[in-house]
Amino acid sequence: VLLISGYYIIKNGTTVVQPTVECVKTPFGARTSMILPDGSTIWLNAGSEVSYPHHFGKTREIVLKGEVYLEVKKDSKPFIVKTAYGNVKVLGTKFNVFAFDNEPFRTTLVEGSVAINDIVNSKDVILKPGFQYVAAKGYNSLEKVTPEMYTSWKEGKMIFRREPFEQVARRLERWFNVT
């Protein structure tokens, strides 16, 4: 098998190079921050996971499960956050993405501009600072919000205003790693 594989590689003059993918998981009850290869800073909330290539290519793409706050370094290469619900594309900005399983998808913009490609509702949306896009099966909305309500977790604070108890309980379970 090795001889045949070597023969085909030499004959075709190509080699297969697999990009190195980094994966960072934050357990329940913890939060973490890190700097990506392009200099962008991210904060991962409790119970979240992000994967990204060791070196970015023509685009800067990360894959998210959970919640992340990003301060994307300006660059000519687009920065894309991929989730099961849709993709968020930016060039340089500060924003929060919430993409936990079985919960509404939310993107909250602090500064700059982002384009959201919602694959669940087949919709493209441009966000402006101070606005939040929320999507779930069957509905979506664009609302003016106070961004600190949705980004304070990265500073160790939780702010609740008129949230249903079920949502508060889920956030507290992730935050403190309790049921």
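In this report, the structure presented in the accompanying data block is examined. Small disclaimer: the values here were computed from a predicted structure and weren't measured.

## Some points on the pattern of salt bridges
One pass over the structure, following the stated rule, counts seven salt bridges. Here Glu 61 ties to Lys 82 by a salt bridge, and the two come within 3.3 Å at their closest N and O atoms. Pair noted here: Glu 61 is in strand S5 (residues 60-71) and Lys 82 is in strand S6 (residues 79-82), with a separation of 21 residues, a long-range link. Of the residues examined, Glu 61 reaches a relative accessible area of 29% and is grouped as partly exposed. Taking relative accessible area as the criterion, Lys 82 reaches 32% and is therefore assigned partly exposed. Salt-bridge contacts for Glu 103 lead to Arg 174; the nearest nitrogen and oxygen are separated by 2.8 Å. In this pair, Glu 103 sits in the loop between strand S8 (94-99) and strand S9 (105-111) while Arg 174 sits in helix H3 (residues 165-176), placing the two residues 71 residues apart along the sequence. Taken together, the salt bridges that share partners define one network made up of Glu 103, Glu 166, Arg 170 and Arg 174.

## What to know about the nonpolar core
Proteins that are soluble and globular tend to have nonpolar side chains buried together. Formed by 29 residues in total, the largest nonpolar core has its most connected members in Ile 62, Leu 70, Phe 95 and Phe 105. Tallying contributions element by element places S5 first for this core, with four residues. Setting aside chain neighbours within four positions, we find Ile 62 in contact with Leu 36, Val 50, Ser 51, Tyr 52, Phe 56, Leu 70, Phe 79, Ile 80, Val 81 and Lys 82.

## Quick word on the environment of Asn 96
Looking at the element boundaries, Asn 96 is found in strand S8. Classification of Asn 96 as buried rests on a relative accessible area of 2%. Between the C-alpha atom of Asn 96 and that of Thr 108, which follows or precedes it by twelve residues, the distance is 5.1 Å. Ignoring sequence-local partners within four residues, the contact set of Asn 96 consists of Glu 67, Val 68, Tyr 69, Arg 106, Thr 107, Thr 108, Tyr 150, Thr 151 and Trp 153. One polar contact links Asn 96 to Glu 67, side chain to side chain, over a distance of 2.9 Å. A polar side-chain atom of Asn 96 sits 3.1 Å from a polar atom in the side chain of Trp 153.

Criteria and cut-off values
Residues numbered from 1 in each chain as written. Predicted model: local features only at pLDDT ≥ 70, side-chain atom pairs only at ≥ 80, totals over all residues. Heavy atoms only, no water. Salt bridge = Lys/Arg side-chain N within 4 Å of Asp/Glu carboxyl O. Helix = DSSP H or I, 4+ residues; strand = E, 2+ residues; numbered from the N terminus. Buried < 20%, exposed > 50% of the residue type's maximum accessible area, 1.4 Å probe, protein only. Core = buried A, V, L, I, M, F, W, Y, C linked by side-chain atoms within 4.5 Å. Contact = heavy atoms within 4.5 Å. Polar contact = N/O pair within 3.5 Å; in protein donor to acceptor, adjacent residues only side chain to side chain.

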